[in-house]
Amino acid sequence: MRDILDIHTHTIASGHAYNTMKEMIQTAKEKGLEVYGITEHAPNMPGSCHAFYFQNLKVVRRQQEELEVLLGVELNILDEKGNVDLEEPYLGRMDVAIASLHPPCIAPGSREQNTECVIQAMKNPHINIIGHPDDGRYPLDYEAIVQAAKEYHTLLELNNNSLNPDGFRKDSRGNDLKILRLCKKYQVPVIMGSDAHCDADILNHALIFPLLEECDFPEELVVNTTREKLYPFINKYRNS
């Protein structure tokens with residue numbers, strides 16, 4: 001399978017990652033990506049950057065030699081109303097926006113409560129991707145999540161970090177398989193994300209590919225294979 005993009009990564013600006021923006025972009029070039037995204041953690045994540053950081057992303061060149069760079073945010077979903085921690089006008093200016101459930105920012109609730117948090121976030125027209133919905137610490141109604149992703153034109157992420165055996169998310173492999181089978185059933189696209197916090201992990205989707213094979217998941221539903229599949233889902237091109 002062709003794999004030419006990775007748009008969920010972090011730099012030192014997020015507070016718990018280990019390379020600069022320049023280093024990450026250089027590594028993305030060396031790895032032959034066509035599209036590379038940096039999505040720093042939003043302000044409610046301890047140690048991350050202020051909203052002004054996101055306001056000033058306009059100064060960074062989005063085309064660096066042959067590499068297209070997308071700059072955005074990984075938002076924290078804060079409640080069952082789908083509120084997130086970056087407001088207008090900042091959020092609408094992001095090239096791409098991921099929304100995720102993170103323990104420092106919201107305590108896990110019941111399956112129904114967690115599901116409501118995610119679905120309400122999907123209704124925000126500036127949110128493009130739900131990050132690591134496979135985290136078993138936040139049980140979800142996956143049938144409802146996949147159907148909502150189709151309705152609100154939102155991508156569900158397969159997160160390589162979630163599958164790391166040394167990681168802290170729970171039951172991610174089984175949850176990813178549920179997501180994939182439902183996305184196949186309802187013809188809902190997915191996106192692979194490395195969630196890289198260091199340059200070596202850029203484009204690391206190695207733990208995801210076996211799950212795609214196990215489910216015989218259609219390649220046409222994986223947006224990482226071409227730019228053209230990605231563009232209709234992200235703010236930069238939705239708003240152009």
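The structure displayed is predicted, hence computed values, not measured ones.

### Focus on the nonpolar core
Point 1. Tyr36, Val73, Leu75, Leu156 and Phe217 are the most contacted members of the largest nonpolar core, which has 63 residues in total.
Point 2. Counting residues per element, this core draws most heavily on helix H5 (residues 172-186), at 6 residues.
Point 3. If near-sequence neighbours (up to four positions away) are discounted, Leu156 is found in contact with Met122, Ile130, Ile145, Val146, Ala149, Ile179, Cys183, Pro189, Val190 and Ile191.

### Considerations on the environment of Asn164
Point 1. If you trace the backbone, Asn164 turns up in the loop between strand S7 (155-159) and H5.
Point 2. For the pair formed by Asn164 and Leu207, sequence separation is 43 residues and the distance between their alpha carbons is 7.5 Å.

### Here we look at the pairing of strand S2 (residues 35-41)
Point 1. Of all the 7 residues making up S2, 7 are buried; the element is thus mostly covered by neighbouring parts of the structure.
Point 2. Where strand S1 (residues 5-6) lies against S2, 2 bridges are found, and the strand directions are parallel. Bridging across to S2, Leu5 finds its partner in Val35.
Point 3. At this point the chain moves from S1, through helix H1 (residues 21-30), to the parallel S2, and the crossover so formed is right-handed.
Point 4. Of the strand pairs in this sheet, S2 and strand S4 (residues 67-76) are connected by 7 bridges, and their pairing is parallel. Its bridge partner lying in S4, Val35 is registered against Glu68.

### A closer look at unusual backbone geometry
Point 1. With an omega of 5°, the peptide bond between Glu88 and Pro89 qualifies as cis.
Point 2. Here Pro89 shows up in the loop between S4 and strand S5 (97-100).
Point 3. Non-glycine residue His132 carries a positive phi angle of around 30°.
Point 4. You can see His132 is positioned in the loop between strand S6 (129-130) and helix H4 (142-152).
Point 5. Given a relative accessible area of 3%, His132 falls into the buried group.
Point 6. Residue Asp171 is not a glycine yet carries a positive backbone phi of 55°.
Point 7. With respect to the helices and strands, Asp171 occurs in the loop between S7 and H5.

### Description of the pattern of salt bridges
Point 1. Scanning all chains against the criterion turns up 12 salt bridges.
Point 2. Asp95 is paired through a salt bridge with Arg62; the nearest N and O atoms lie 2.7 Å apart. Separated by 33 residues along the polypeptide, Asp95 in the loop between S4 and S5 and Arg62 in the loop between helix H2 (51-55) and strand S3 (63-64) bring together distant segments of the chain. Across the pair, Arg62 and Asp95 agree in class, each one buried.
Point 3. Where Asp141 meets Arg111, a salt bridge forms, and the shortest distance between an N and an O atom there is 3.6 Å. Within this pair, whereas Asp141 is found in the loop between S6 and H4, its partner Arg111 is found in helix H3 (residues 111-122), the two being separated by 30 residues in sequence.
Point 4. Under the relative-accessibility criterion, Asp141 is labelled partly exposed at 23%.

### What to know about H3
Point 1. The terminal C-alpha atoms of H3 lie 17 Å apart, and with 12 residues this matches the ideal 16 Å at 1.5 Å per residue to within 8%.
Point 2. All of the buried residues along H3 are Asn114, Thr115, Cys117, Val118, Ile119, Ala121 and Met122.
Point 3. Packing partners of the buried residues in H3 comprise S6, H4 and S7.

### A few points about the packing of H3 against H4
Point 1. Two numbers describe how H3 lies on H4: the axes approach to 10 Å, and their chain directions differ by 5°. With respect to H4, the axis of H3 lies roughly parallel. Between H3 and H4, the residues in contact are Thr115, Val118, Ile119 and Met122 and Ala144, Ile145, Ala148, Ala149 and Tyr152, respectively.
Point 2. Residue classes in the contact of H3 with H4 are distributed as 8 nonpolar, 1 polar and no charged.

### Re the packing of aromatic side chains
Point 1. One pass over the full model with this rule turns up 2 aromatic pairs.
Point 2. Here Tyr53 and Phe54 contribute two aromatic rings whose centre-to-centre distance is 5.4 Å and whose plane-to-plane angle is 85°, an arrangement assigned as edge-to-face.
Point 3. Centroid distance Tyr231 to Tyr237: 3.9 Å. Interplanar angle 25°. Geometry classified as stacked.
Point 4. Under the relative-accessibility criterion, Tyr231 is labelled buried at 18%.
Point 5. Taking the relative accessible area as the measure of exposure, Tyr237 reaches 29% and is therefore partly exposed.

Basis of the calculations
Residues numbered from 1 in each chain as written. Predicted model: local features only at pLDDT ≥ 70, side-chain atom pairs only at ≥ 80, totals over all residues. Heavy atoms only, no water. Core = buried A, V, L, I, M, F, W, Y, C linked by side-chain atoms within 4.5 Å. Buried < 20%, exposed > 50% of the residue type's maximum accessible area, 1.4 Å probe, protein only. Helix = DSSP H or I, 4+ residues; strand = E, 2+ residues; numbered from the N terminus. Contact = heavy atoms within 4.5 Å. Pairing = 2+ DSSP bridges. Right-handed = clockwise from strand over helix to strand, strands pointing away. Salt bridge = Lys/Arg side-chain N within 4 Å of Asp/Glu carboxyl O. Expected span 1.5 Å × (residues − 1). Axes fitted to C-alpha atoms, helices over the stretch in contact; angles between N-to-C directions. Parallel < 35°, antiparallel > 145°, perpendicular 65-115°, else oblique. Nonpolar A, V, L, I, M, F, W, Y, C, P; charged D, E, K, R; others polar. Phe/Tyr/Trp six-rings, centres within 6.5 Å; stacked < 30°, edge-to-face > 60°.

Interpretation in functional terms is not warranted from these geometric data alone.
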